[in-house]
Amino acid sequence: MTDLTPTPDRPGLHISKPSPDTPARGSAVCHCGASATASGDAQVLLLVQGWEANHGPAHDKG
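Within each chain, residue numbers correspond to sequence positions counted from 1 in written order. Thresholds applied to this predicted model are a pLDDT of at least 70 for local features of residues and 80 or more for the giving and counting of side-chain atom pairs; totals over whole chains, interfaces and linings are not thresholded and use all residues. Processing note: side-chain calculations cover all non-hydrogen atoms of the structure and skip hydrogens and water entirely.

Caption draft 1: Seen up close, the pairing of strand E3 (residues 35–39). Here five bridges tie strand E2 (residues 25–29) to E3, and the two strands are oriented antiparallel to one another. Pairing of Ala-28 across the sheet is with Ala-36, part of E3. At least two bridges found by DSSP between two strands is the condition for calling them paired. Only runs of H or I of at least four residues qualify as helices and only runs of E of at least two qualify as strands under DSSP, and these elements are numbered from the N terminus.

Caption draft 2: Seen up close, the state of the cysteines. When two cysteine sulfur atoms are found within 2.5 Å, that pair is recorded as a disulfide. All chains considered together, the criterion is met by zero disulfides. As a non-bridged cysteine, Cys-30 has Cys-32 as the owner of its nearest cysteine sulfur, 3.6 Å distant.

Caption draft 3: Structural view of the pattern of salt bridges. The salt bridge criterion pairs a side-chain nitrogen of Lys or Arg with a carboxyl oxygen of Asp or Glu, the two atoms within 4 Å. In the structure shown here, the tally under the stated rule is one salt bridge. Put simply, Asp-41 and Lys-17 hold a salt bridge, and the shortest N to O gap is 3.1 Å. Of the two residues, Asp-41 is situated in helix H1 (residues 41–54) and Lys-17 in the loop between strand E1 (12–16) and E2; the sequence distance between them amounts to 24 residues.

Caption draft 4: Spatial organisation of the environment of Ser-39. Here Ser-39 is to be found in strand E3. Along the primary structure Ser-39 and Ser-16 are separated by 23 residues, whereas in three dimensions their C-alpha atoms are 9.7 Å apart. Contact definition: two residues touch when any of their heavy atoms are within 4.5 Å. Once residues within four sequence positions are removed from consideration, Ser-39 is found in contact with Ala-24, Arg-25 and Val-44.

Caption draft 5: Region of the structure containing the side chain of Ser-27. Following the sequence through the fold, Ser-27 ends up in strand E2. Each residue's exposure class comes from its accessible area (1.4 Å probe, protein chains only) as a fraction of the maximum for that residue type: buried when under 20%, exposed when over 50%, partly exposed otherwise. The class for Ser-27 is buried, based on a relative accessible area of 13%. In this structure, Ser-27 is in contact with Thr-5, Pro-6, Gly-12, Leu-13, His-14, Ala-36, Thr-37 and Leu-47, ignoring residues within four places of it in sequence.

Caption draft 6: Here's a closer look at the sheet that holds E3. Spatially, E1-E2-E3 is the arrangement adopted by the three strands of the open sheet, whose pairing is antiparallel. Because the sheet does not close on itself, it has two edges, and the strands there are E1 and E3. Strand-to-strand twist in this sheet, taken as the mean axis angle between neighbours without regard to direction, amounts to 5°. Those strands touched by H1 are E1, E2 and E3, and its axis lies near 25° from that of E2. The angle between two axes is taken between their N-to-C directions and runs from 0 to 180 degrees, where each axis is a line fitted to C-alpha atoms and a helix contributes only its stretch in contact.

Structure follows, in structure tokens:
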């Protein structure tokens, strides 16, 4: 399986939740240089919301 973890050379957002009983984990790296990680369902949700609002596709707006 390919490693989907984002890096500065391959920016993006990666979320993992192997089963309903395990907490989600997420990582994000943006082409602008910002990066973040999160652990736990609520924190990963905040990571995704921040990514959508401020990085990734948000850089294409305007």
